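If you want the building blocks of each chain, they are given just below.
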Amino acid sequence: MLVASGNWDQFKQDFWSGDVVDRDEDDDVRPVFQRLLDERRARAIAKYIDSGFGTVPGAIVLSAQTRAHLRFDRDSGELTFRADPRAFLIIDGQHRVFGFRLAKKAVSAPVVIYNRLTRAQECRLFMDINTKQKPVPGELLLDIRRLSEVESKTDALLHDVFDMFFQREDSALKELL
């Protein structure tokens, strides 16, 4: 699907985990703004996928490089690109992508592809993604863990203590929560 986004085209597409882009840590193609790959984190994602929990939510954000020869046919809705391991730069989601590569199971993941970004725009996008996102409050995570039935005993205890401080009229924290 083509989405107009400022002065560039943005595509939203699912891809299968076997269709990942390549990356060489020693290659000078890797931009200096990208974090180093934490293999332990990528292995943890692969283990999560292989354990049967499904996909890792959140779109992978890519920037099509010139060598991608990215084309979108508006009539058919088909997005085509050259099969080149350096066709796309991973702006966000490198650990998910490489976790997909390590996983034994294939999963579908949403992908957002920016086209015709300059290096400066790629850097700004990386900064925006990594500095402007607000984490989910801890108390909301406690509620979500309970609802999703993955709450640990410690989480359950914390949830109960939080509820007690929130609900009791004589709580010293009543107006602060």
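Up top is the structure these notes are about.
### Considering the nonpolar core
- Ranked by size, the top nonpolar core spans 22 residues in total, and within it Ile49, Leu62, Phe88, Phe100 and Ile113 carry the most contacts.
- Of the residues forming this core, the biggest block, four residues, is contributed by helix H1 (residues 39-53).
- By size, the runner-up hydrophobic cluster in this structure holds nine residues, among which are Val112, Leu125, Phe126 and Ile129.

### Let's talk about unusual backbone geometry
- At histidine 69, a residue that is not glycine, the phi angle is positive and equals roughly 50°.
- Relative to the helices and strands, histidine 69 is located in the loop between strand E3 (60-64) and strand E4 (71-73).
- Residue classification places histidine 69 among the partly exposed residues on the basis of a relative accessible area of 42%.
- Even without a glycine there, the phi angle at arginine 116 is positive, about 65°.
- Here arginine 116 shows up in the loop between strand E7 (108-115) and helix H3 (119-131).

### A few points about the pairing of E3
- For E3, a buried count of five out of five residues is recorded, marking the element as mostly surrounded by other parts of the structure.
- Pairing between E3 and E7: five bridges, direction parallel. Its bridge partner being in E7, serine 63 is matched across the sheet by tyrosine 114.
- As defined by bridge partners, E3 adjoins strand E6 (residues 88-92) across four bridges and the pair is classed as antiparallel.

### Focus: the environment of aspartate 50
- Positionally, aspartate 50 belongs in helix H1.
- The class for aspartate 50 is partly exposed, based on a relative accessible area of 23%.
- Filtering out sequence-adjacent residues up to four positions away, aspartate 50 remains in contact with Ala103, Lys104 and Lys105.

### Brief notes about the side chain of aspartate 92
- Tracing the sequence through the fold places aspartate 92 in strand E6.
- Judged by relative accessible area, which is 16%, aspartate 92 ranks as buried.
- Side chain to side chain, aspartate 92 and arginine 96 meet in a polar contact 3.2 Å long.
- Aspartate 92 has contacts with Ala59, Ile60, Val61, Ile129 and Asn130, leaving out every residue within four places of it along the chain.

### Considerations on the pattern of salt bridges
- Scanning the model with the defined rule gives six salt bridges in all.
- Here arginine 43 ties to glutamate 39 by a salt bridge, and the two come within 3.9 Å at their closest N and O atoms. With arginine 43 and glutamate 39 both in helix H1, this residue pair falls four residues apart, about one helical turn.
- Through salt bridges with shared partners, a single ionic network connects Arg67, Arg82 and Asp84.

### Considering the packing of H1 against helix H2 (residues 94-102)
- Axis separation between H1 and H2 bottoms out at 7 Å; the angle between their running directions is 55°. With respect to H2, the axis of H1 lies oblique. For the element pair H1 and H2, the recorded crossing hand is right-handed. Residues Arg41, Ala42, Arg43, Ile45, Ala46 and Ile49 of H1 pack against His95, Arg96, Phe98, Gly99, Phe100 and Leu102 of H2.

Calculation notes
Residue numbers restart at each chain and count upward from 1, following the sequence in its written direction. It should be noted that, the model being predicted, local features are given only for residues of pLDDT at least 70 and side-chain atom pairs only at 80 or more, the latter also being counted only at that level, while totals for whole chains, interfaces and linings use all residues. With hydrogens and water set aside, each side-chain value is computed from the structure's full complement of heavy atoms. Only buried residues count toward a nonpolar core, which is a set of Ala, Val, Leu, Ile, Met, Phe, Trp, Tyr and Cys residues joined through side-chain atoms within 4.5 Å. Relative accessible area decides the class of each residue, using a 1.4 Å probe on protein chains only: under 20% of the type maximum gives buried, over 50% gives exposed, and in between gives partly exposed. Secondary structure follows DSSP: runs of H or I at least 4 residues long count as helices, runs of E at least 2 residues long count as strands, and numbering of each begins at the N terminus. Following DSSP output, two strands are said to pair if at least two bridges run between them. Pairs of residues are marked as contacts when any of their non-hydrogen atoms sit within 4.5 Å. The definition of a polar contact used here is a pair of N or O atoms within 3.5 Å, where within protein one atom must be able to donate a hydrogen and the other to accept one, and adjacent residues in sequence count solely through side-chain atom pairs. Here, a salt bridge means any Lys or Arg side-chain nitrogen found within 4 Å of an Asp or Glu carboxyl oxygen. A fitted line through C-alpha atoms represents every axis, and for helices the fit uses only the stretch in contact; the resulting angles, taken between N-to-C directions, go from 0 to 180 degrees. When an angle is under 35 degrees it counts as roughly parallel; over 145 it counts as roughly antiparallel; between 65 and 115 it counts as roughly perpendicular; any other value is oblique. Should the near helix be turned anticlockwise from the far one by less than a right angle, the crossing is left-handed, and should it be turned clockwise, the crossing is right-handed.

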